[in-house]
Amino acid sequence: MTEPLSSTDHPVSPDGPRRPAVLLFDVNETLSDMSPMAGRFEDVGAPGHLAKTWFAGLLRDGFALTVAGVAEPFARIGEEALRTSLDGLQLSRSLDDSVAHIMGGFAELGVHDDVPDGVRALRDLGIRLVSLSNGSASVAQGLLERAGLRDPFEQLLSVEDAGIWKPAAGAYSYALDKCGVDPMDAMLVAVHPWDTDGAARAGLGSVWINRGGATYPGYFTSPDLEATSLVALAEQLR
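Residues numbered from 1 in each chain as written. Predicted model: local features only at pLDDT ≥ 70, side-chain atom pairs only at ≥ 80, totals over all residues. Heavy atoms only, no water.

> Outline the pattern of salt bridges, supporting the account with residue identities and numerical values.
Counted under the stated rule, the structure contains 11 salt bridges. R40 is the partner of E108 in a salt bridge, and the nearest nitrogen-oxygen pair spans 2.9 Å. Taken together, the residues E108 in the loop between α4 (95–103) and β3 (110–111) and R40 in helix α1 (residues 37–43) connect sequence positions 68 residues apart. On the accessibility criterion, E108 (58% relative accessible area) is exposed. Taking the shortest distance from any N to any O, the salt bridge between D114 and R211 comes out at 2.8 Å. Of this pair, D114 sits in the loop between β3 and α5 (115–124) while R211 sits in the loop between β7 (205–209) and β8 (225–227); the two residues are 97 residues apart in sequence, bridging distant segments of the chain. What you see here is one network of salt bridges that share partners, running through D26, K166 and D195. (Salt bridge = Lys/Arg side-chain N within 4 Å of Asp/Glu carboxyl O. Helix = DSSP H or I, 4+ residues; strand = E, 2+ residues; numbered from the N terminus. Buried < 20%, exposed > 50% of the residue type's maximum accessible area, 1.4 Å probe, protein only.)

Below you can see the structure in the form of structure tokens.
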């Protein structure tokens, strides 16, 4: 596919952030509640706390491959990272079955409690809603369909079609191209500071969803907006 143009080739509003025409939503952990994944590890005889370590390692390796100029599917990295994480543990089933069981958890995740009301409130503001995930579009579709939230979303985008992971500029540029907007007309919504930083460096507005009262890392570009929930974000944009 054609290499997407960097977002730096497009205009950025000289007046700073403004109410966006499009909100781009990260999916994993931003919309989806991934806490049940710990139970998937426990189901196979592994400690539940490995879920967070494994997911962090999955992202790290995806980012490393992106820097090296290689794009691998989220699911493949996740599966291989699981084999490493589970190696040497006394599991209650085979390694292959354990990997399949844990990865299958993505197909049953729900959304955070604030997401249904928040998504509907944002839609009612007349803002276009689009998801942009480092995972597959099918996982995002399943998540939103289970929550009864597929209709508010205009498009479900995946970096698998962009050929490059977030937070590389090309991933955001791909989404802008698909939505037909310039960076000044779009905002990225995410719980991950690395994602809001990447979007900001690509010229988009950024929203950090801080549900747990965390401190934003000072080495990342500060988000344009911070909200404790999607409902609170809708109030800020109203």
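> Outline the packing of helix α3 (residues 74–86) against α4, listing residues and values.
Direction vectors running N to C along α3 and α4 enclose 130 degrees, while the axes themselves pass 10 Å from each other. With respect to each other, α3 and α4 are oriented oblique. Where α3 crosses over α4, the two elements pack in a sense that is right-handed. Two secondary-structure elements touch here, α3 through A75, G78, E79, L82, R83 and L86 and α4 through L95, D96, S98, V99, I102 and M103. (Axes fitted to C-alpha atoms, helices over the stretch in contact; angles between N-to-C directions. Parallel < 35°, antiparallel > 145°, perpendicular 65-115°, else oblique. Left-handed = near helix turned anticlockwise from the far one by under 90°. Contact = heavy atoms within 4.5 Å.)

All quantities given are derived from atomic positions and should not be read as evidence of function.
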